[in-house]
There are 2 protein chains.
Amino acid sequence: MAAEIWRRTLLEVIGRLGGAATAYSALNMAGLLATPTAYAAPPVLTPASGNGKRVAILGAGIAGLTAAHCLSKAGYQCTILEARARSGGRVWTIRGGDQIAETDSTQHVAWQAHRDIYLNAGAARLPSHHQGILGYCREFGVALEVFVNDNRAALVQFDSQFGGKPQTARRLHADLRGAIAALAAKSAPADEAVQSMLRIFGDLRRDLTYAGSSRAGYAAEDDVPGAANRSGRLQPPLALDEIAGPQSIRMALALCFAELWQQSPTMLQPVGGMDAIVRAFDRAVGGMIRHNEEVVQIERSGDGARIISLDRSRGRPSALEADFVICTLPLSVLEHIPADFSPALNHAISVGAKMYFPAVKVAFEAPRRWWEIDQKLYGGISWTGRDITQIWYPSHGFHGEKGVLVGAYIWSNDPARRFTAMAPAERHAAAISDGERLHPGYERLVGPAASVAWAKIPYSLGAWIEWETISGARQAEYPTLLAGDGPFYFAGEHMSYVTAWQEGAVQSAHYTVSRIAERVAATNK
Amino acid sequence: MAAEIWRRTLLEVIGRLGGAATAYSALNMAGLLATPTAYAAPPVLTPASGNGKRVAILGAGIAGLTAAHCLSKAGYQCTILEARARSGGRVWTIRGGDQIAETDSTQHVAWQAHRDIYLNAGAARLPSHHQGILGYCREFGVALEVFVNDNRAALVQFDSQFGGKPQTARRLHADLRGAIAALAAKSAPADEAVQSMLRIFGDLRRDLTYAGSSRAGYAAEDDVPGAANRSGRLQPPLALDEIAGPQSIRMALALCFAELWQQSPTMLQPVGGMDAIVRAFDRAVGGMIRHNEEVVQIERSGDGARIISLDRSRGRPSALEADFVICTLPLSVLEHIPADFSPALNHAISVGAKMYFPAVKVAFEAPRRWWEIDQKLYGGISWTGRDITQIWYPSHGFHGEKGVLVGAYIWSNDPARRFTAMAPAERHAAAISDGERLHPGYERLVGPAASVAWAKIPYSLGAWIEWETISGARQAEYPTLLAGDGPFYFAGEHMSYVTAWQEGAVQSAHYTVSRIAERVAATNK
Ligand SMILES: Cc1cc2nc3c(=O)[nH]c(=O)nc-3n(C[C@H](O)[C@H](O)[C@H](O)COP(=O)(O)OP(=O)(O)OC[C@H]3O[C@@H](n4cnc5c(N)ncnc54)[C@H](O)[C@@H]3O)c2cc1C
Ligand SMILES: Cc1cc2nc3c(=O)[nH]c(=O)nc-3n(C[C@H](O)[C@H](O)[C@H](O)COP(=O)(O)OP(=O)(O)OC[C@H]3O[C@@H](n4cnc5c(N)ncnc54)[C@H](O)[C@@H]3O)c2cc1C
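Model, not experiment: these values are computed from the prediction.

Our focus in this paragraph is the overall build of chain A. The number of helices and strands found in chain A is 17 helices and 24 strands. Overall, the C-alpha framework of chain A stretches about 80 × 55 × 40 Å when taken along its three principal axes. Here the contacts in chain A between residues at least 6 apart in sequence split such that 69% fall between residues at least 24 apart. As presented, chain A carries roughly 17700 Å² of accessible surface, and 52% of it is formed by carbon and sulfur atoms. Here chain A contributes 51 positively and 50 negatively charged side chains, and the mean placements of these two sets differ by 2 Å.

Residues and elements named next belong to chain B. Glu82, Arg84, Arg90, Arg125 and Val295 are the nearest of the 38 residues found near ligand 2. Isolated, ligand 2 exposes 990 Å² of accessible area, and the fraction of that covered by the protein chains is 99%. Within the residue set of the shell around ligand 2, elements represented by two or more residues are α3 (62–73), β13 (293–301) and α17 (502–524). Here the shell around ligand 2 gets three residues from one element, more than from any other, and that element is β13. Each residue belonging to the shell around ligand 2 can be placed in one class, and the counts come to 23 nonpolar, eight polar and seven charged.

Here we take up the pairing of strand β5 (residues 105–108) of chain B. Residue and element names in this part refer to chain B. Here β5 shows one buried face, formed by Ser105 and Gln107, and one open face, formed by Thr106 and His108. Bridging between strand β4 (residues 99–102) and β5 involves four bridges; their strand directions are antiparallel. Bridge assignment links Gln99 to a residue of β5, and that residue is His108. Counting the residues that bridge the hairpin from β4 to β5 gives two residues.

The next subject is the nonpolar core. A:Met197, A:Phe419, B:Met197 and B:Phe419 are the most contacted members of the largest nonpolar core, which totals 183 residues. Apart from residues lying up to four places away in sequence, B:Phe419 is in contact with B:Val360, B:Val362, B:Asp387, B:Ile388, B:Ile410, B:Arg427, B:Ala430 and B:Ala431.

On to the interface of chain B and chain A, then. Each partner contributes to the interface: chain B provides 107 residues, whereas chain A provides 107 residues. Across the interface of chain B and chain A, roughly 9600 Å² is buried in total on both sides, 65% from carbon and sulfur atoms. Taken together, chain B and chain A are joined by four salt bridges. Among the ionic pairs, B:Arg152 bridges to A:Glu259, the shortest N-O distance being 2.8 Å. For the pair chain B and chain A, the number of links is 27 residue pairs in polar contact (both at pLDDT 80 or more). Sort the elements by how many residues they give to the side of chain B that touches chain A and helix α5 (residues 169–187) of chain B lands first, with ten residues. In terms of residue class, the side of chain B that touches chain A is made up of 59 nonpolar, 28 polar and 20 charged.

So, about the packing of helix α3 (residues 62–73) of chain A against helix α4 (residues 131–140) of chain A. Residues and elements named next belong to chain A. Here α3 crosses α4 at 60 degrees, and the two axes come no closer than 12 Å. With respect to α4, the element α3 is oriented oblique. Two packed elements cross with a definite hand, and for α3 against α4 that hand is left-handed. In contact with Ile62, Thr66, His69, Cys70 and Lys73 of α3, α4 contributes Ile133, Tyr136, Glu139 and Phe140.

Residues and elements named next belong to chain A. If you trace the three strands from one edge of the open sheet to the other, you get β7-β11-β8, paired in antiparallel fashion. Of all strands in the sheet, those with a lone pairing partner are β7 (126–127) and β8 (144–147), marking the two edges. Alignment of β7 against strand β11 (residues 267–270), held across two bridges, turns out to be antiparallel. Its bridge partner lying in β11, Pro127 is registered against Met267.

Turning to a negative patch on the surface, a few remarks are in order. There is a patch of like negative charges on the surface, built from A:Asp241, A:Glu242, B:Asp191 and B:Glu192. Within the element layout of this structure, A:Asp241 appears in helix α7 (residues 240–244). Take A:Asp241: its relative accessible area is 47%, and that puts it in the partly exposed class.

We now examine the environment of B:Asp434. Residues and elements named next belong to chain B. Along the polypeptide, Asp434 turns up in helix α14 (residues 424–435). On a C-alpha basis, the gap between Asp434 and Ala169 in space is 18 Å, while along the polypeptide they are 265 residues apart. The residues contacting Asp434, other than those within four sequence positions of it, are Arg386, Asp387 and Ile388.

The geometry of an aromatic ring pair comes down to the distance between the two centres and the angle between the two planes. Enumeration according to the criterion identifies 40 aromatic pairs over all chains in this entry. With a centroid separation of 6.3 Å and 80 degrees between ring planes, the pair formed by A:Phe201 and B:Phe201 is classed as edge-to-face. Highlighted residues: A:Phe201 in helix α6 (residues 192–202) and B:Phe201 in helix α6 (residues 192–202), drawn from two different chains. With respect to burial, A:Phe201 and B:Phe201 carry one shared label: buried. Here the aromatic rings of A:Trp392 and A:Tyr409 are separated by 5.4 Å at their centres, their planes lie at 85 degrees, and the arrangement is edge-to-face. Remark: A:Tyr409 occurs in strand β21 (residues 403–410) and A:Trp392 occurs in strand β20 (residues 390–393); sequence separation between them is 17 residues. For the pair A:Trp392 and A:Tyr409, a shared accessibility class is recorded, and that class is buried. Across from the ring centre of A:Tyr409, 4.8 Å away, lies the NZ or CZ of A:Lys361, which sits over that ring. Across the ring face of B:Tyr478, the terminal group of B:Arg474 is positioned such that the distance to the ring centre comes to 4.4 Å.

Residues and elements named next belong to chain A. Of all residues adjacent to ligand 1, which total 38 residues, the nearest are Glu82, Arg84, Arg90, Arg125 and Val295. Arg90 places a side-chain nitrogen or oxygen 2.7 Å from an oxygen atom of ligand 1. One of the backbone nitrogen or oxygen atoms of Gln502 is found 2.9 Å away from an oxygen atom of ligand 1. For ligand 1, whose free accessible area comes to 1000 Å², the fraction covered by protein is 99%. Elements that contribute at least two residues to the shell around ligand 1 include exactly α3, β13 (293–301) and α17 (502–524). In terms of residue count, β13 provides more of the shell around ligand 1 than any other element does, three residues in total. Looking at the shell around ligand 1, its residues break down into 23 nonpolar, eight polar and seven charged. Both domain 1 (48–88 + 276–355 + 470–524) and domain 2 (94–153 + 265–273 + 357–456) contribute no fewer than three residues apiece to the shell around ligand 1.

Turning next to the sheet that holds strand β1 (residues 54–58) of chain A. Taken in spatial order, the five strands of this open sheet run β12-β2-β1-β16-β24 (chain A), and their pairing is parallel. One side of each edge strand has no neighbouring strand; the edge strands of this open sheet are β12 (289–290) and β24 (488–490) of chain A.

Attention now moves to the pattern of salt bridges. The tally for this structure, following the rule as stated, stands at 50 salt bridges over all chains. A salt bridge links A:Glu299 to A:Arg306; the shortest N-O distance between them is 2.7 Å. Linking B:Arg115 and B:Asp116 is a salt bridge whose minimum nitrogen-to-oxygen distance equals 3.4 Å. By relative accessible area, which is 10% here, B:Asp116 ends up buried.

Strand residues, when the strand is regular, have side chains that alternate between the two faces of the sheet. All names here are of chain A. Side chains Phe324 and Ile326 project from strand β16 (residues 324–327) onto one buried face, and the interleaved Val325 and Cys327 project onto a second face that is buried too. By the bridge criterion, four bridges tie β1 to β16 in an arrangement that is parallel. Paired with Ile57 across the strands is Ile326, a residue of β16. When β16 meets β24, the two strands line up parallel, connected through three bridges. What sits directly across from Cys327, in β24, is Phe490.

Another aspect to go through is the domain arrangement of chain A. Per the domain assignment, the segments of chain A are domain 1 (48–88 + 276–355 + 470–524), domain 2 (94–153 + 265–273 + 357–456) and domain 3 (170–244). On a C-alpha basis, the centres of domain 1 of chain A and domain 3 of chain A stand 53 Å from each other.

Conventions we followed
Residues numbered from 1 in each chain as written. Chains lettered and ligands numbered in written order. Predicted model: local features only at pLDDT ≥ 70, side-chain atom pairs only at ≥ 80, totals over all residues. Heavy atoms only, no water. Helix = DSSP H or I, 4+ residues; strand = E, 2+ residues; numbered from the N terminus. Contact = heavy atoms within 4.5 Å. Areas by Shrake-Rupley, 256 points an atom, 1.4 Å probe, with all protein chains shown as cover. Lys, Arg positive; Asp, Glu negative; His and termini not counted. Charge placed at Lys NZ, Arg CZ, Asp CG, Glu CD. Near = heavy atom within 4 Å. Nonpolar A, V, L, I, M, F, W, Y, C, P; charged D, E, K, R; others polar. Buried < 20%, exposed > 50% of the residue type's maximum accessible area, 1.4 Å probe, protein only. Pairing = 2+ DSSP bridges. Core = buried A, V, L, I, M, F, W, Y, C linked by side-chain atoms within 4.5 Å. Buried area = accessible area lost by both parts, 1.4 Å probe. Salt bridge = Lys/Arg side-chain N within 4 Å of Asp/Glu carboxyl O. Polar contact = N/O pair within 3.5 Å; in protein donor to acceptor, adjacent residues only side chain to side chain. Axes fitted to C-alpha atoms, helices over the stretch in contact; angles between N-to-C directions. Parallel < 35°, antiparallel > 145°, perpendicular 65-115°, else oblique. Left-handed = near helix turned anticlockwise from the far one by under 90°. Patch = residues over 30% accessible without salt bridge, like charges linked within 9 Å, V, L, I, M, F, W, Y side chains within 5 Å. Phe/Tyr/Trp six-rings, centres within 6.5 Å; stacked < 30°, edge-to-face > 60°. Lys NZ or Arg CZ within 6 Å of the ring centre and 35° of its normal. Domains from an automatic or database assignment.

Set out below in structure tokens:
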């Protein structure tokens, strides 16, 4: 692989899933970017320091809600304009009876109304070090439970490998570690401690070769250790080149996923759906939100700004005057809104808008939890080389009657574009046909479907920004947005190195709030 | 390391924690033992086939409860004699107000009465493939949640390494994989797929060397990717020999633990304590149990048997006549009870009794969940080279007010014997002093303590059998016990290759029930 292709693939693989920050760090480490110095601590504002200053917050996603919460406590007068009827933006939990409106279709979700029956269509999991957003869960009393990212009983299926037959993650992990440890042993120093580490790392034999391991699990029920004389019968190991296979990068990712900074345990989820966080924010700042109010124009007005919005139910325009504006709209949306920004800012926004990733999720309500009962799969993710990329099993409601399977979570470009282009019914059929490779009889195992192609969701028009998409964009455009322009500040996941995560939205809001507070403090002196 | 020492260490390391079955399989694979053939399926008995046959079940642990549940449904007349006031045996959940009676001490547990405040003193976690016991959870509606076995934010501390300073599991895992993948790359074939697999496996650079990874996490809060200009600053990697260190086997185990067949995700726990399973069994078969009834003598009586027991509250003896006896008492207890067994059986029991492992758990109620708030630790296990071996953080009640920490879980011989010999107060002080190495100020961070030294718990006298303790014992004695003797059958964790797990108790009960049913069916013909 040419160096440039490798670099891009690395960014693709690590950047997309570890969060852009990871990829950026890799570049940073390689000395390609200046070392950062600033540190965005959660802001501690003096009570009443806002002194009634008017802040218009555009968008009631996590960034807007966070900003309103911080600022209003310090005596700022906040108004949030939100185009949707609901708060939360890309934190969106879909349940039976909901509608999914895309730019060219509408789905009615025919699921049972039940505590455990939901799809987190956007944000779904929280790494334990995302203490910005987890801090709000604590403050608001949002109950959390463990999210299973890595389940060794889950399946890995590639058409090009093992005759297309799915293997358990357990087996691939064990045999991969065994093969790699055995290779390493050949070059390892003759140090006893290192050798015993390698032996246990890979479950090697005394002679430092690998010949299979109970860690790989057992081929059949009869082989599993049990009572009486069932002592267990191991499987022969899979060879390293067999495991790597022709789609080795995707395979490697499947087997290294839970090692990533943003994906390793403990991962958490709010009990009952990610929007529990949004409901909690609504309780705190709901009175400041004007829902169904679509921002259509952004103007300067003296030292401040004027925001023109349209009431979506009645079509009536109104104007909001403000001393400061915190704009949290995704750049993909913002680029279509006329605004009195500097040319440099407008350029940055239009470049940024090109880098939104079109992720797709497809979900099925299943009439019974066959993955638990028949396959001993409790939560976690199966991987495939096919377009659906992943199948997620719910981390909650174990042994319940029904459950929701995420039948596709697509985060690589071509498959995501293919699925986005399809009508919902077509997507669902495609997801079933891919899923069949992992779970024979899949079509009869799953019930009503629902899907979200984020590029077609109004007011989002994409899943998240990927600053690496256009080489140099982070260095050229991000600082312009970060600097803001007069009364205008930008916050949201795109204004961080934790893109594609709520944490980025929270931290960018904290940073923006601090800057406004500093400015107000300087003026008051 | 000499081959024999290595073999024993391997058994120690893998056998104890992966369950004996794992170690046995390794030997088995090496051709040291005959390949097993029998398979213990859960028994499906014809309704009423028991035809009133009387079965005396000794012990209301998981094995006894399972046997009673199966047999009574098929028309057998079951009586369970249980010495304790409670059912469950080694499934024992301790809460505020409970007493812990050891052979030479009594503790009163001064914890708050609260749903989340408990210690699973014995069984604490369930691998998702333990479908015998999980099947009962499903049948009885016992709610399950995820148990966190592997948390990359947890700590690993060895006095002899890194100046005794704890490292995050995350950092050790990442740097270990990096170092091993880089070593492997030197001997790897020039195959592109294999090389890209190695690269992603270890997060290697293009040239297949390792120079640190975001997977290792960040040194300080300021280094973590965030908003504004915080793009993340990596740590220098730790070298392989530094990681392995002088206690390399214990270190390797800490870093490979969640790869083991019995310890890999998804792990589960019943909501509210492991004894939820026992309460469910009690609802099903409680009427058959005579609690506080200590078996003191086991006799033959015609073709059947007579069991003499003492009512522990009133000291009154009684006799129970039965056609069959299922004895589930731990061999460590059974060896002290006079019984009309064959000499071979008595020999097997006395050999078995020598192989019980003296595990110890120490737990603290903590007045606040500092591990979550201050250290971002949500569940999981920290490891140390010191006697306490492990600290467990609760997998439930996140962000709640208080919590119970397992401050020691000791499963290696010498430390376990040291802690068993101590009086409770001494143990608790020792656990605090070891814990201080991981969590500075620990003494002030933890509250009331409770501990269980299983070797000193009456009616258990040990934590679980380890058939590997005495070389050849599994081959010589296990078959004798498995064959039984006239009316006498043996069940319990020790009668399986899943020792140290409830699953072994369940499967051995299933096996025994099948054998009795077959015998009855043959007689009725
Ligand atoms: C598929 C997917 C998976 C994800 N997975 C995770 C995950 O597992 N964990 C995690 O933490 N994060 C995840 N994320 C990322 C997370 O959802 C986002 O980073 C975060 O929610 C973004 O918050 P925000 O406030 O920056 O933007 P948004 O949530 O997009 O908020 C912007 C708001 O502006 C509103 N708006 C748009 N246009 C207008 C207008 N003209 N007038 C008025 N209002 C307008 C929108 O309706 C919206 O409410 C995921 C996202 C997606 C799409
Ligand atoms: C520290 C520890 C950790 C463990 N961790 C796990 C885990 O995480 N997951 C897991 O699945 N398993 C675990 N186990 C193992 C599990 O608890 C046991 O394998 C299982 O509970 C054994 O069930 P049993 O019925 O075979 O024996 P027991 O539970 O010991 O049942 C025997 C019964 O006989 C009774 N009895 C004894 N003497 C007499 C007498 N003279 N007369 C009448 N009755 C008598 C006892 O009171 C007891 O109720 C652990 C065990 C320990 C000790």
